[in-house]
Amino acid sequence: MAYNMVRQSSLPLLCTVVSAILAYGCGSQQSQAPASPQTAPTASSSFTATAPAALMRSNPATTKVCSADVINGSESAAQLQIAKSAKLIVTGWAVDDIAGTTPPEIYVELIAASGSTRYYARAARITKRPDVAKAHNNPAFENSGYDLEGDLTDVAPGVYSVQVAQSVAAGGTLCDTRHKVEIR
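The present account deals with the structure reproduced in this document. (Residues numbered from 1 in each chain as written. Predicted model: local features only at pLDDT ≥ 70, side-chain atom pairs only at ≥ 80, totals over all residues. Heavy atoms only, no water.)

A few points about the environment of I89
Argument step 1. Here I89 is to be found in strand 5 (residues 87-94).
Argument step 2. Its relative accessible area of 33% is what places I89 among the partly exposed residues.
Argument step 3. A C-alpha to C-alpha distance of 9.0 Å links I89 and D151, two positions 62 residues apart in sequence. (Helix = DSSP H or I, 4+ residues; strand = E, 2+ residues; numbered from the N terminus. Buried < 20%, exposed > 50% of the residue type's maximum accessible area, 1.4 Å probe, protein only.)

Put into structure tokens, the structure is as follows:
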């Protein structure tokens, strides 16, 4: 009878210890799991025909120090076809090479072939780019990455150049990524 009392009184303690071990083990595994590159964070934004105030201060300077590395999962397509109901997902990098900085305000700009129609969506500086910092020998350029998940609802069907616009001290910069998208 004494054995049964000890065994019954030890049971809650044993369950608590086992639960703690299991909880600790599960928590450790979750915190050590590497983030999947396919679940990289993006900035959600909608394309609009209204130019951001930050870019309207003066005529933007044209620059060549940017890239749209991946557009909707494609690294190499010069022109992609995208359904209007889909999102335009862009990751890349851009810098202000004159000031040697990475301006916090950055936009992906879609420009129609005629040049008269433009749409803007604000991107975010999420992805770190140590490769860009090393290539340009400027540690500040590690923050040059940008990410965008842009809603195309208000974009008229057509072919657009993908450009990167930044608000900089001198007014603004515009950089052609040499990519085109056809919105259908």
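Moving on from the coordinates now.
Here's the deal with the state of the cysteines
Here, disulfide denotes a covalent bond that connects the sulfur atoms of two cysteines.
Argument step 1. The full count for this structure, using the stated rule, is 1 disulfide.
Argument step 2. Each disulfide pairs two cysteine sulfurs, and for C66 the partner residue is C175, the sulfurs being separated by 2.1 Å. Here the S-S torsion is close to -90°, and the disulfide linking C66 with C175 is therefore left-handed. You can see C66 sitting in strand 3 (residues 66-71) and its partner C175 sitting in strand 10 (residues 173-183), a full 109 residues away along the chain. The residues C66 and C175 share a single accessibility class, namely buried. (Disulfide = S-S within 2.5 Å.)

Considerations on the pattern of salt bridges
Opposite charge on two side chains permits them to pair, given that their charged atoms come into close proximity.
Argument step 1. Summed over the entire model, instances satisfying the criterion amount to 6 salt bridges.
Argument step 2. R122 is the partner of E105 in a salt bridge, and the nearest nitrogen-oxygen pair spans 4.0 Å. Of this pair, E105 sits in the loop between strand 5 and strand 6 (106-112) while R122 sits in strand 7 (residues 118-122), and the two are 17 residues apart along the sequence.
Argument step 3. Judged by relative accessible area, which is 25%, E105 ranks as partly exposed.
Argument step 4. Residue R122 is classed as partly exposed on the basis of its relative accessible area, which comes to 38%.
Argument step 5. A cluster of three or more residues bridged by salt bridges with shared partners is formed by D69, R129 and D131. (Salt bridge = Lys/Arg side-chain N within 4 Å of Asp/Glu carboxyl O.)

Structural notes on the environment of R122
Argument step 1. Each C-alpha atom, one on R122 and one on I106, is 6.0 Å from the other, the two residues being 16 residues apart in sequence.
Argument step 2. Aside from chain neighbours lying at most four places away, what touches R122 is S45, P104, E105, I106, Y107 and L148. (Contact = heavy atoms within 4.5 Å.)

Quick word on the nonpolar core
Argument step 1. Counting 26 residues, the largest nonpolar core has F47, L88, L110, Y146 and V181 as the members making the most contacts within it.
Argument step 2. Elements with a minimum of two residues in this core: strand 3, strand 4 (79-82), strand 5, strand 6, strand 7, strand 8 (145-151), strand 9 (158-166) and strand 10.
Argument step 3. Counting residues per element, this core draws most heavily on strand 6, which supplies 4 residues.
Argument step 4. In contact with F47, not counting residues within four places along its chain, are L88, V108, L110, Y119, Y120, A121, L148, G150, D151, L152, D154 and V155. (Core = buried A, V, L, I, M, F, W, Y, C linked by side-chain atoms within 4.5 Å.)

Focus: the pairing of strand 4
Argument step 1. Here strand 4 shows one buried face, formed by L80 and I82, and one open face, formed by Q79 and Q81.
Argument step 2. Two strands pair when backbone bridges link them, and strand 4 and strand 10 are joined in this way by 4 bridges, in the parallel orientation. In the sheet register, Q79 faces strand 10, and the bridge partner there is K180. (Pairing = 2+ DSSP bridges.)

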